[in-house]
Amino acid sequence: MTDFVWLVIAFPLAGAVLLHFLGRRLGEPLAGIIGTLAAAAAFVVAFVAALPFIVEEGNHGETVMLWEWMPAIGANLEITWDPLAAVMALIVTGVGSLIHLFSVGYMHGDERFARFFTYLNLFLASMLTLVLGGNFAMVFLGWELVGLCSYLLISFWYTKPSAAAAGKKAFVVNRIGDFGFMVGLMLVFTNFGTLAFDGIFERVPEILDGSTATAIGLLFLVGAAGKSAQIPLYVWLPDAMEGPTPVSALIHAATMVTAGVYLVARSATIFAAGDAGIVVAVVGALTALWAASIAIAQSDIKRVLAYSTVSQLGYMFIAVGLGGYIAGIFHLMTHAFFKALLFLGSGSVIHGMHEEQDMNKMGGLLEKMPVTGVTMGIATLAIAGIPPLAGFWSKDEILGVAFEYGGVGIVLWVIGLVTALITAFYMTRQWFMVFTGEPRWEEGVDPHESPRSMTVPLIVLAVLSVGAGFLNTPFRLTLEHFLEPSFELVKVAHPPEGLGMFALLAAISVGAGIAGAAMAGFVYSRPREIWERFQGGFGGLWEAWQAAYRVDDLYGATIVTPGRKLSERMAFDFDAGGIDGFVNGVGRAVRSAGARTRVLQTGLVRNYGVGFVAGLLAVVIWLVIAGGGV
Amino acid sequence: MLTALILVPAVAAVVVMLLPSDRKELALPVGFALSFVPLAIAGYLFFEFETGVAGYQFTQKAVWYEPWGISWNLGVDGISLGLVALSVILIPIALAASTTITDRTKEFVVFTLLLEAGLIGSFLALDLFLFFVFFEAVLVPMYFIIGIWGSERRIYAAMKFFIFTAFGSAFLLASIVALSVFHNRQFGSPSFDLLELMSLDLTLDQSRWLFAGFGIAFAIKVPVFPLHTWLPDAHVQAPTAGSVLLAGVMLKLGTYGLLRFNLNLFPQAAVDAVPIIAGLAVIGIIYGAVVAIVQPDLKKLVAYSSVSHLGFIVLGTAALTSAGFQGAVIQNVNHGLTTGALFLLVGMIYERRHTKKIEDFGGLAKVMPIFAGLFLFTAFASIGLPGLNGFVGEFLVLIGSFPSIPVFATIAAFGVILAAIYLLWAYERVFTGIPDKPENQKLTDLNAREIGLMVPLVVLMLVLGLYPKILLDRTAASTEALLDRVEQATTYEVPEQGRLADVFAGEGDE
């Protein structure tokens with residue numbers, strides 16, 4: 001019935017192929033428009049294909065086989081089109097289309113304009129492969145391909161060494177996660193004999209014992225922590241900001257980085273059968289707090305958002321780790337809207353400020369860039385959890401799930417609350433530093449509002465950041481009903497029942513959000529000396545936050561440098577010196593022995609032949625005797 | 001048909017040799033054109049090959065020397081088909097990549113075509129004596145290709161290559177002859193026929209010794225750690241075509257030999273040796289990759305990456321499962337394509353800059369965007385990016401070896417991280433940044449001929465990455481048969497999930 005759904009992947013893929021070969025000829029802006037249309041077409045197809053889930057209650061969707069890939073391990077190219085896949089596809093193509101449109105303006109004048117849209121289209125196709133894949137191998141296919149696109153797009157401006165290095169770092173760190181994912185897949189295959197969802201999820205209770213399920217879950221967590229930038233593998237994401245800002249919005253905020261959350265949600269039955277879920281939640285909570293604290297002291301407009309993304313992904317991990325799959329996907333969606341908006345807004349600011357990213361050199365931009373300023377303000381309120389904006393509903397659902405879980409959940413709830421306060425603080429700080437106060441622009445900078453193609457996506461995303469929360473409120477659980485068929489096999493965790501409890505918890509978290517926002521507003525709406533005095537009050541702590549706790553240096557000193565030293569030792573001392581030295585030594589010894597026995601060397605091939613045959617015969621006889629056991 | 005496949009390149013070599021010596025510019029085009037004949041024959045075989053049939057197809061048998069039981073015995077099955085196809089594809093490419101060879105061109109073409117005949121013969125021979133003849137015959141042209149057209153230390157590298165391999169060959173020949181002697185003892189007549197020798201009744205001791213004899217020869221060829229040090233030297237010194245064929249096809253004689261002979265002839269010894277083989281494979285995977293990371297020379301880096309990638313093939317062989325075998329067989333082909341392509345690319349930049357040192361480059365993507373794009377594409381195929389060919393083989397090997405040898409499989413999976421490190425770091429240093437060295441700023445991008453060389457390889461990497469069915473369909477029956485052979489002849493039991501049938505039936509739990 002929905003077997004046309006492969007078109008969702010095919011449109012952006014075709015766009016990528018077309019732009020790869022003809023992009024240069026099409027030029028600007030045609031290449032960008034074609035790329036945008038390909039994304040939009042995928043959205044339309046996804047929307048049409050999702051209609052049956054709205055119309056028929058309890059529709060599970062179906063698996064559409066495309067062609068055989070590696071049948072020996074149950075890995076074919078096939079699509080599982082169910083409500084979960086549909087939600088993911090709609091987010092990816094919807095936000096993706098807007099970001100494509102934004103890029104038409106943002107990438108204006110870049111000499112590799114068409115190539116940018118090639119990669120962007122390829123990314124969409126890859127991400128859709130990931131979320132639509134009907135078996136783990138196909139998920140892994142998409143998983144790696146989005147990593148490739150991320151690599152290509154982070155190092156898009158490859159003549160800049162820092163950009164090239166950041167792209168490589170992202171890919172390599174992700175590969176560390178992939179190692180875990182792959183071993184997890186091996187374990188899945190060993191137990192189920194297939195990697196196809198159809199042969200796995202329904203059979204989990206019958207086949208997996210608790211400890212195996214836990215092991216698979218933990219290995220998947222390693223993979224998810226890589227892709228979704230969680231402790232300890234989050235370090236690639238801040239560096240990924242070297243890529244063009246639309247890339248940060250699309251890949252490193254709204255879509256790719258949520259793949260880990262999706263993986264856990266998709267594998268819900270496996271997590272439900274073991275104890276890995278709570279570990280996921282704890283990792284998420286620690287990451288949420290850790291990254292939020294770093295975001296407090298960043299002065300680069302994009303780095304604030306990068307750490308904020310790491311932190312928000314932590315929230316999603318709390319949710320899916322505790323079994324709150326709907327809450328996790330809900331937050332994934334609202335976050336996609338307001339974080340994409342924040343990144344695009346920051347792109348608009350950077351664009352208007354002539355590539356300036358340091359917030360210390362901004363200020364007073366609201367007047368010059370009203371649309372950007374207002375829409376970013378809305379997104380700031382949304383992420384701060386101010387009702388009735390989108391972030392409020394989804395964040396509160398997660399906090400409610402943690403509270404209802406009890407025990408450790410209460411600790412996670414408290415961490416979540418503290419993080420909410422910090423989030424509201426650093427986001428408000430950012431908004432005030434950028435848009436209010438005295439201009440601190442460098443000389444010659446003349447800020448201006450961005451063109452229509454850039455502001456329209458901002459406005460659409462602002463509307464979504466305001467309204468998307470109503471998709472799933474305690475009063476009307478639309479998203480929940482939509483997603484239910486995808487989570488039938490597991491018990492989905494929910495916030496406490498009853499509107500009274502809801503109101504109480506909401507009051508506490510909104511209180512935290514307002515407190516954080518008010519504190520930041522109080523400090524950062526005033527002159528710079530005040531902030532500096534405030535920041536100075538934290539002493540060394542502020543510097544630690546600013547330096548991101550020096551985790552990169554730590555990894556450098558403990559892993560990268562020793563690793564390279566080891567590699568050098570192995571290559572030059574052990575391999576070239578040791579093994580090959582031994583080989584050449586043998587060679588020399590033979591030659592000097594040969595010099596002494598030169599008399600035997602008659603130079604006649606016949607004599608050599610006799611010697612060769614005699615020696616061979618000896619070996620044969622010996623083998624026959626020794627082997628024959630005579 | 002199969003005989004023709006071996007004879008045509010040999011005849012082509014003779015034709016080239018007979019070309020008038022004052023028209024040496026003809027040698028390369030004529031050789032190139034003639035190399036399409038075996039390509040066409042093999043193409044016909046590939047598509048006429050019956051899928052789902054386990055045994056040898058297109059078999060031909062003629063008595064060669066009856067008193068010793070030697071026969072001209074050829075046949076192709078799923079395990080050798082891909083390698084034959086790989087050989088006939090890489091030969092024309094290697095020839096077309098050798099336009100810079102102006103010295104003694106004729107001899108070069110002749111040796112290359114003889115090499116082709118030898119390689120194909122080795123993959124088709126079902127008579128062990130015949131196999132040995134081809135196995136040795138391959139050595140000579142490669143020795144001269146490295147020794148005559150190589151770089152500065154070519155003689156050293158060629159000698160090293162020759163001595164290492166000949167050392168292994170001595171064990172191989174002795175073991176083959178011993179097998180024949182045993183056959184004479186048991187059945188009253190000597191034989192070198194693979195199928196007949198498989199029915200020999202060997203004591204465990206005998207089969208262990210002989211397994212080791214075959215094993216050493218093949219391990220050197222693969223090469224398996226610590227017998228690998230001839231390989232980087234040979235590659236660094238060899239001309240581009242030599243490297244392409246050496247890594248692309250010749251190393252596969254080793255992995256092919258292990259699958260074809262060691263497992264078929266000495267199943268129990270093989271089963272007992274699994275920990276050793278798998279252990280060496282995993283060492284190769286990790287060691288080759290770690291050593292590759294810091295290599296200052298691009299060709300050496302690719303050479304060590306081969307040690308790592310071939311480790312996966314050996315691991316798949318040791319896995320003794322359906323997916324493991326399939327992965328090993330298909331990885332044979334995949335590695336040939338990607339590594340062959342990498343050596344071609346390195347050759348192209350070497351022809352322009354006369355250096356292969358990574359530090360001499362930088363920012364090349366700016367001046368040679370097509371070259372950079374093709375290099376990156378091939379690098380990702382080699383890294384094992386899903387969607388490209390390298391992934392299919394390595395993933396099947398990893399997934400397939402976990403049910404039987406989980407610890408080795410887990411360590412091997414670590415290799416995927418290292419592959420990303422050595423190739424992407426090399427790419428970063430060679431291609432990104434600003435081209436600040438004047439020699440690099442003047443470089444010209446690939447010409448039509450060079451792009452043409454890469455196109456078939458790129459297309460195959462993509463096709464085999466997304467639609468490996470064309471190959472897997474042809475290998476499945478043979479790998480299953482091999483697994484049956486091992487299982488029936490030994491105490492080994494294929495783990496529950498290591499079998500194709502279980503996958504589809506979804507049963508088998510007690």
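Residues numbered from 1 in each chain as written. Chains lettered and ligands numbered in written order. Predicted model: local features only at pLDDT ≥ 70, side-chain atom pairs only at ≥ 80, totals over all residues. Heavy atoms only, no water.

**Considerations on the overall build of chain B**
Move 1: Each helix and strand in chain B was counted, giving 25 helices and two strands.
Move 2: Here chain B has a C-alpha radius of gyration of 22 Å; the compact-globule value for 510 residues is 24 Å, and the two agree.
Move 3: Every one of the 510 residues in chain B was classed for burial, and the buried ones make up 67%.
Move 4: For chain B, the proportion of contacts with a sequence separation of at least 24, taken over those separated by at least 6, is 80%.
Move 5: Accessible area for chain B stands at about 15900 Å²; split by element, carbon and sulfur atoms hold 66% of it.
Move 6: Averaging the positions of the 28 positive and the 38 negative side-chain charges in chain B gives two centres separated by 12 Å. (Helix = DSSP H or I, 4+ residues; strand = E, 2+ residues; numbered from the N terminus. Rg over C-alpha atoms; globule rule 2.2 N^0.38 Å. Buried < 20%, exposed > 50% of the residue type's maximum accessible area, 1.4 Å probe, protein only. Contact = heavy atoms within 4.5 Å. Areas by Shrake-Rupley, 256 points an atom, 1.4 Å probe, with all protein chains shown as cover. Lys, Arg positive; Asp, Glu negative; His and termini not counted. Charge placed at Lys NZ, Arg CZ, Asp CG, Glu CD.)

**Re the overall build of chain A**
Move 1: Tallying secondary structure elements over chain A gives 25 helices and four strands in all.
Move 2: For the C-alpha atoms alone, the extent of chain A along its principal axes is close to 100 × 65 × 55 Å.
Move 3: The burial tally for chain A puts 60% of its 630 residues in the buried class.
Move 4: Considering only contacts in chain A between residues 6 or more positions apart, those separated by 24 or more positions represent 81%.
Move 5: As presented, chain A carries roughly 23200 Å² of accessible surface, and 67% of it is formed by carbon and sulfur atoms.
Move 6: Chain A carries 34 positive and 45 negative side-chain charges, and their two centres are separated by 13 Å.

**Brief notes about the interface of chain A and chain B**
Move 1: With 61 residues of chain A at the contact, the number on the chain B side is 77 residues.
Move 2: The junction of chain A with chain B conceals about 5900 Å² of combined surface from both sides, 75% of it contributed by carbon and sulfur atoms.
Move 3: One can count four salt bridges joining chain A with chain B.
Move 4: In this structure, the salt-bridge partner of Lys160(B) is Asp580(A), at a minimum N-O distance of 2.5 Å.
Move 5: Counting across the chain A and chain B interface gives 17 residue pairs in polar contact (both at pLDDT 80 or more).
Move 6: Looking at the side of chain A that touches chain B, the elements with two or more residues in it are strand 1 (62-70), helix 5 (136-154), helix 6 (161-192), helix 24 (551-596) and helix 25 (605-628) of chain A.
Move 7: Per element, the largest residue contribution to the side of chain A that touches chain B is 17 residues, and it comes from helix 6 of chain A.
Move 8: Counted by class, the side of chain A that touches chain B contains 41 nonpolar, nine polar and eleven charged residues. (Buried area = accessible area lost by both parts, 1.4 Å probe. Salt bridge = Lys/Arg side-chain N within 4 Å of Asp/Glu carboxyl O. Polar contact = N/O pair within 3.5 Å; in protein donor to acceptor, adjacent residues only side chain to side chain. Nonpolar A, V, L, I, M, F, W, Y, C, P; charged D, E, K, R; others polar.)

**Focus on the pattern of salt bridges**
Two side chains carrying opposite charge are able to pair once their charged atoms lie near each other.
Residue and element names in this part refer to chain A.
Move 1: On inspection of all chains with the given rule, the structure shows 20 salt bridges over all chains.
Move 2: In this structure, the salt-bridge partner of Glu 144 is Arg 175, at a minimum N-O distance of 2.8 Å. Here the residue Glu 144 occupies a position in helix 5, and Arg 175 occupies one in helix 6, the gap between them amounting to 31 residues.
Move 3: Relative accessible area serves as the criterion here: at 3%, Arg 175 is assigned to the buried category.

**A few points about the environment of Asp22(B)**
Move 1: Here Asp22(B) is to be found in the loop between helix 1 (2-17) and helix 2 (27-34).
Move 2: C-alpha separation for the pair Asp22(B) and Val314(B), spaced 292 residues apart in sequence, amounts to 48 Å.

**A word on the nonpolar core**
Generally speaking, soluble globular proteins have nonpolar side chains that are buried together.
Move 1: Counting residues in hydrophobic clusters, the biggest one holds 404 residues, and the most contacted among them are Trp81(A), Phe136(A) and Phe395(B).
Move 2: Sort the elements by how many residues they give to this core and helix 14 (residues 267-293) of chain B lands first, with 17 residues.
Move 3: The contacts of Phe395(B), once residues within four sequence positions are left out, are Met70(A), Ile73(A), Ala137(A), Phe140(A), Met182(A), Leu185(A), Leu195(A) and Gly400(B).
Move 4: Of all hydrophobic cores here, the second largest spans 19 residues; its members include Ile318(A), Ala319(A), Leu412(A) and Ile415(A). (Core = buried A, V, L, I, M, F, W, Y, C linked by side-chain atoms within 4.5 Å.)

**Section: the packing of aromatic side chains**
Move 1: For the structure shown, the criterion picks out 73 aromatic pairs over all chains.
Move 2: Summarising the aromatic geometry, the rings of Trp64(B) and Phe129(B) are spaced 6.3 Å apart at their centres and angled 70° between planes, so their arrangement reads as edge-to-face. Taken together, the residues span a long stretch of sequence, with Trp64(B) in strand 1 (residues 57-65) and Phe129(B) in helix 6 (residues 128-137) at a distance of 65 residues.
Move 3: Centre to centre, the rings of Tyr65(B) and Trp68(B) are 5.5 Å apart; their planes meet at 85°, and the pair counts as edge-to-face.
Move 4: An aromatic cluster of at least three residues, connected via ring pairs, comprises Trp69(A), Phe136(A), Phe140(A), Trp143(A), Phe181(A), Phe197(A), Phe201(A), Phe220(A), Phe391(B) and Phe395(B). (Phe/Tyr/Trp six-rings, centres within 6.5 Å; stacked < 30°, edge-to-face > 60°.)

**Considering a nonpolar patch on the surface**
Move 1: Taken together, the side chains of Trp6(A), Leu66(A), Trp67(A), Val455(B), Val459(B), Val463(B) and Tyr467(B) define a hydrophobic patch exposed on the protein surface, amounting to about 580 Å² of accessible area.
Move 2: When contributions to the nonpolar patch are tallied by element, the ones reaching two or more residues are strand 1 of chain A together with helix 23 (448-466) of chain B.
Move 3: Considering every element that reaches the nonpolar patch, the biggest residue donor is helix 23 of chain B, with three residues.
Move 4: With respect to the helices, strands and loops of the structure, Val459(B) is situated in helix 23. (Patch = residues over 30% accessible without salt bridge, like charges linked within 9 Å, V, L, I, M, F, W, Y side chains within 5 Å.)

**Re the packing of helix 2 of chain B against helix 5 (residues 105-124) of chain B**
Residues and elements named next belong to chain B.
Move 1: It is the contact of helix 2 with helix 5, at a shortest axis distance of 9 Å, that shows an interaxial angle of 15°. For the element pair helix 2 / helix 5, the angle class is roughly parallel. The crossing of helix 2 and helix 5 is right-handed. Of helix 5, the residues touching helix 2 (which contributes Ala 27, Leu 28 and Gly 31) are Thr 105, Lys 106, Val 109 and Leu 113. (Axes fitted to C-alpha atoms, helices over the stretch in contact; angles between N-to-C directions. Parallel < 35°, antiparallel > 145°, perpendicular 65-115°, else oblique. Left-handed = near helix turned anticlockwise from the far one by under 90°.)

**A closer look at the packing of helix 13 (residues 252-265) of chain B against helix 24 (residues 469-489) of chain B**
Residue and element names in this part refer to chain B.
Move 1: Interaxial distance between helix 13 and helix 24 falls to 9 Å at its minimum, and their mutual angle equals 25°. Between helix 13 and helix 24, the angle is such that the two are roughly parallel. Crossing angle aside, the handedness with which helix 13 passes helix 24 is left-handed. Between helix 13, through Leu 259, Leu 263, Asn 264 and Leu 265, and helix 24, the contact on the second element is made entirely by Leu 482, Arg 485 and Val 486.
Move 2: Split by residue class, the contact of helix 13 with helix 24 holds five nonpolar, one polar and one charged.

**Structural notes on the pairing of strand 2 (residues 70-76) of chain B**
All names here are of chain B.
Move 1: For strand 2, the tally of buried residues reaches six of seven residues, placing the bulk of the element in the interior.
Move 2: Pairing geometry for strand 1 and strand 2, over six bridges, is antiparallel. Residue Tyr 65 lies in a different strand from strand 2, and its bridge partner there is Ile 70.
Move 3: If you look at the hairpin formed by strand 1 and strand 2, you'll find four residues sitting between the two strands, and Gly 69 has a positive phi there, around 70°. (Pairing = 2+ DSSP bridges.)

**Some remarks on the environment of Gln298(A)**
Residue and element names in this part refer to chain A.
Move 1: Positionally, Gln 298 belongs in the loop between helix 13 (276-296) and helix 14 (301-321).
Move 2: Judged by relative accessible area, which is 7%, Gln 298 ranks as buried.
Move 3: Counting along the chain gives 83 residues from Gln 298 to Leu 381, while the straight-line C-alpha distance between them is 19 Å.
Move 4: Not counting chain neighbours up to four residues away, the residues in contact with Gln 298 comprise Arg 303, Val 304, Tyr 307, Met 359, Arg 429, Trp 545 and Gln 546.

**Re helix 12 (residues 240-250) of chain B**
Move 1: Counting buried residues along helix 12 of chain B, eleven of its eleven residues qualify, which places the element largely inside the surrounding structure.
Move 2: Within helix 12 of chain B, the full set of buried residues consists of Thr240(B), Ala241(B), Gly242(B), Ser243(B), Val244(B), Leu245(B), Leu246(B), Ala247(B), Gly248(B), Val249(B) and Met250(B).

**Description of unusual backbone geometry**
Move 1: Omega for the bond connecting Glu28(A) with Pro29(A) falls within 30 degrees of zero, at 0°, which places this linkage in the cis form.
Move 2: When you line up the elements, Pro29(A) lands in the loop between helix 1 (7-26) and helix 2 (30-55).
Move 3: If you check the backbone angles, Ala229(A) has positive phi at about 55° while not being a glycine.
Move 4: With respect to the helices, strands and loops of the structure, Ala229(A) is situated in the loop between helix 8 (210-227) and helix 9 (236-239).
Move 5: One non-glycine residue with positive phi stands out, namely Phe58(B), at about 55°.
Move 6: Structurally, the position occupied by Phe58(B) is in strand 1.
Move 7: Taking relative accessible area as the criterion, Phe58(B) reaches 27% and is therefore assigned partly exposed.

Function-wise, these values are silent; they only describe arrangement.
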